[in-house]
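Here's the letter readout for the chains.
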Amino acid sequence: MPANIDRWDVEDEQFWRESGKKIANRNLWISIPSLLCGFAVWLYWGIITVQMINLGYPFAQSELFTLSAIAGLTGATLRIPSTFFIRIAGGRNTIFFTTALLMIPAIGTGFALQDKSTPLWVYQVLALLSGFGGGNFASSMSNISFFFPKRVQGTSLGLNAGLGNFGVTTMQILVPLVMTFGLFGGEPMTLVNTSGTLIGKIPAGTETFIHNAGFVWLLLLVPLAFAGWFGMNNLVSDKVTPKPGNPAVAFLRISALLLIGFLTAAAGLYVMLPAPTGLGLLSKWIVLPVVIAATVLLMRYLTRGELQANLKRQYRIFENKHTWAMTVIYTMTFGSFIGYSAAFALAIKVIFGFTHVPGPDGTLVHDAVNANGPSALMFAWMGPFIGALIRPVGGWISDKVGGAKVTQVVSVVMIASALGVAYYMSAAYKSATPEQYFWPFFGLFIVLFTATGVGNGSTFRTIAVVFDEEQAGPVLGWTSAVAAYGAFIIPKVFGEQIKATTPEFALYGFAVFYFLCLVLNWWFYLRPNAYVKNP
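Every value quoted in this text rests on a predicted model; they were computed, and no experiment measured them.

Visitor: Lay out the overall build of the protein chain with the relevant residues and their values.
Guide: A count of helical and extended segments in the protein chain gives 22 helices and eight strands. Computed over the C-alpha atoms, the radius of gyration of the protein chain is 22 Å, within 12% of the 24 Å expected from 2.2 N^0.38 for a compact globule of 535 residues. C-alpha extents for the protein chain along the principal axes are approximately 75 × 55 × 45 Å. Considering the protein chain as a whole, with its 535 residues, one finds that 63% of them fall into the buried category. Put simply, 82% of the contacts in the protein chain that link residues at least 6 apart link residues at least 24 apart. A total of about 18,900 Å² of accessible surface is found on the protein chain, and carbon and sulfur atoms cover 67% of it.

Visitor: Which residues make up unusual backbone geometry, and what values do they have?
Guide: Phi angles above zero are rare outside glycine, and Thr501 is one such case at about 65°. Structurally, the position occupied by Thr501 is in the loop between helix H21 (486-499) and helix H22 (504-525). Backbone geometry places Asn534, a non-glycine residue, at a positive phi of 45°. In this structure Asn534 comes out as buried when scored by relative accessible area, which is 16%.

Visitor: Please provide a residue-by-residue account of the environment of Val454, values included.
Guide: When you line up the elements, Val454 lands in helix H19 (residues 438-466). Separated by 65 residues in the primary sequence, Val454 and Leu389 have C-alpha atoms spaced 9.2 Å apart. Every residue in contact with Val454, bar those within four places of it in the chain, is listed here: Ile390, Gly394, Val406 and Val410.

Visitor: Any chance you could break down helix H20 (residues 469-483) for me, citing the residues and the numbers?
Guide: With 15 residues, H20 extends 22 Å between its outermost C-alpha atoms, agreeing within 8% with the 21 Å of an ideal straight helix rising 1.5 Å per residue. Burial within H20 is extensive, with 13 of its 15 residues counted as buried. Measuring from the backbone nitrogen of Gln471 back to the side-chain oxygen at the start of H20 gives 2.8 Å, which picks out Asp468 as the cap.

Visitor: Mind laying out a nonpolar patch on the surface, listing which residues take part and the relevant values?
Guide: A cluster of nonpolar side chains, Tyr270, Leu279, Leu281, Leu282, Ile286 and Val290, forms an exposed patch at the surface whose accessible area comes to about 580 Å². Inspection of the secondary structure assignment puts Tyr270 in helix H12 (residues 247-272).

Visitor: Please give an account of the packing of helix H1 (residues 13-43) against helix H15 (residues 321-352) that cites residues and values.
Guide: At their nearest, the axes of H1 and H15 sit 10 Å apart, and the two run at 55° to each other. Between H1 and H15, the angle is such that the two are oblique. Between H1 and H15 lies a crossing of right-handed hand. Between H1 and H15, the contacting residues are Phe39, Trp42 and Leu43 on the first element and Phe334, Ile338, Ser341 and Ala342 on the second. Class assignment of the residues belonging to the contact of H1 with H15 gives a composition of six nonpolar, one polar and no charged.

Visitor: Explain the pattern of salt bridges to me, and be specific about the residues and the numbers.
Guide: Where charged atoms from two side chains of opposite charge approach closely, those side chains can pair. The tally for this structure, following the rule as stated, stands at four salt bridges. With a shortest N-O distance of 3.2 Å, Arg313 and Asp238 are connected by a salt bridge. Taken together, the residues Arg313 in helix H14 (residues 305-314) and Asp238 in the loop between strand S6 (234-235) and H12 connect sequence positions 75 residues apart. Take Asp238: its relative accessible area is 47%, and that puts it in the partly exposed class. Arg461 is the partner of Asp399 in a salt bridge, and the nearest nitrogen-oxygen pair spans 3.3 Å. Residue Asp399 is found in helix H17 (residues 382-401), and its partner Arg461 is found in helix H19; the two are separated by 62 residues along the sequence. By relative accessible area, which is 15% here, Arg461 ends up buried. Shared partners join several salt bridges into a network, and the residues in it are Lys284, Lys492 and Glu496.

Visitor: Tell me about the packing of aromatic side chains, and name the residues and values.
Guide: Overall, the coordinates contain 55 aromatic pairs when judged by the stated rule. An angle of 10° between the planes, with centres 6.2 Å apart, marks the rings of Phe344 and Phe442 as stacked. A residue pair is termed long-range when its members are at least 10 positions apart, and Phe344 in helix H15 and Phe442 in helix H19 qualify at 98 residues. We note Arg92 situated over the ring of Trp229; from NZ or CZ to the ring centre the distance is 3.7 Å.

Visitor: Account for the environment of Arg461, naming residues and giving values.
Guide: Sequence separation of Arg461 and Gly214 is 247 residues, and the distance between their C-alpha atoms is 34 Å. In this structure Arg461 touches Gly154, Gly395, Ser398, Asp399, Gly402, Gly403, Asn534 and Pro535, once residues within four positions along its chain are discounted. Reaching out from Arg461, the side chain makes a polar contact with the side chain of Asp399 at a distance of 3.3 Å.

Calculation rules
- Residues numbered from 1 in each chain as written.
- Predicted model: local features only at pLDDT ≥ 70, side-chain atom pairs only at ≥ 80, totals over all residues.
- Heavy atoms only, no water.
- Helix = DSSP H or I, 4+ residues; strand = E, 2+ residues; numbered from the N terminus.
- Rg over C-alpha atoms; globule rule 2.2 N^0.38 Å.
- Buried < 20%, exposed > 50% of the residue type's maximum accessible area, 1.4 Å probe, protein only.
- Contact = heavy atoms within 4.5 Å.
- Areas by Shrake-Rupley, 256 points an atom, 1.4 Å probe, with all protein chains shown as cover.
- Expected span 1.5 Å × (residues − 1).
- Polar contact = N/O pair within 3.5 Å; in protein donor to acceptor, adjacent residues only side chain to side chain.
- Patch = residues over 30% accessible without salt bridge, like charges linked within 9 Å, V, L, I, M, F, W, Y side chains within 5 Å.
- Salt bridge = Lys/Arg side-chain N within 4 Å of Asp/Glu carboxyl O.
- Axes fitted to C-alpha atoms, helices over the stretch in contact; angles between N-to-C directions.
- Parallel < 35°, antiparallel > 145°, perpendicular 65-115°, else oblique.
- Left-handed = near helix turned anticlockwise from the far one by under 90°.
- Nonpolar A, V, L, I, M, F, W, Y, C, P; charged D, E, K, R; others polar.
- Phe/Tyr/Trp six-rings, centres within 6.5 Å; stacked < 30°, edge-to-face > 60°.
- Lys NZ or Arg CZ within 6 Å of the ring centre and 35° of its normal.

So yeah, pure geometry; function would need other evidence.
What follows is the structure in structure tokens.
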């Protein structure tokens, strides 16, 4: 099969049946595990930091929350340039190169974790580089949208995104397991707190190989890079990739735009994060819009020639009101999914792994280990697992009944479950025996994860129907870019509210946002005389 395909018309049923479907499915089934690894490397700090606490690394809990937040913000920012990679570089070139780049943070993390004296700034740089994995979602979804006809977009995009989202669950199951034995050699460390895996707790005093959390991804990334290079295709057409160029040129284009994303993300983090990491000058609510705008504008004005003209054409999506409506709505679903996935394990550890008792002055103290607390590593994988598993189902149902209807039901469920989680989180964080509130907290969080997964499928189906062939791919990438900031916002907000001893306030704020999205979805797509009726 040639690397470049010149004729591609999947809306022609005969073409689809005779050749298009086979090619599309091959690209999809290479794309899915590549995206899975991207999610895993992007979000593995949520699990690694829990084990760093269990091993007694010399960092405060708030500093460890910051690692997930750095990776979250960088990955979201890199999705902005990644939105436009397919048109300027081609699908095969993009997926191969961005998958190979994941090896850099994976190898670096493995080496850094072998020494407890590794300074915090090294982990922060590695968390920044983990953003490669977050950015990959935008290019992957944009690429797959071109391979399938509109009538099955909900299902095909749901499979790519949903099974790709399994990278979160795969990581949350695989990382704790591979840390239990010397798969890659090296010296083990000894647990000072209890840890756990999928099958139960691991007592303090047990040896663990935390560096395997980075190295293990090489077992997948190396063969996947080869699969992408030899098995995927560039669709060379005016609406997809007019001029992919030779692979070296394509890689340079991708690298240049990624560098812009890294620079704006790093600058935003520096002015936002507190000392000694940054300056702590501005609120995240100011910095994030500035980072997004700066990335878009620098891409527009720092590029030249054909690349700049290509970007200008794709920037037409910003003139469409539906781009902005779907950006907000998708932030509700995917932003919540990815943010909760990043914060869930550490939230369980901090809220239920410690007792909350009055100190000498009457204020609550939260630093005594709770021997009866649940293992975060034993339970945290379940929420992302269900959210990812249900996403293709959400897309399939939306293909049948309409995406906006499904999104509306999802909005109601998310509001109710967020308020329920807030109630039990508040009760647990004021209790000497927080474990008594764990099961209702956990059950409602599972409902919340399920709703986000269904909504992820329904919103992408809506985008595929509302926008034409040329704009649908970039819009899928753009909305996923903005929504991915949930991986920064939610861990950051959780960390701030836990520090303020009011973790329930985080969920109250999210519930208000969900209500606003419910109204927006109704106004654009469900009310009488809606702009597009139930797409």
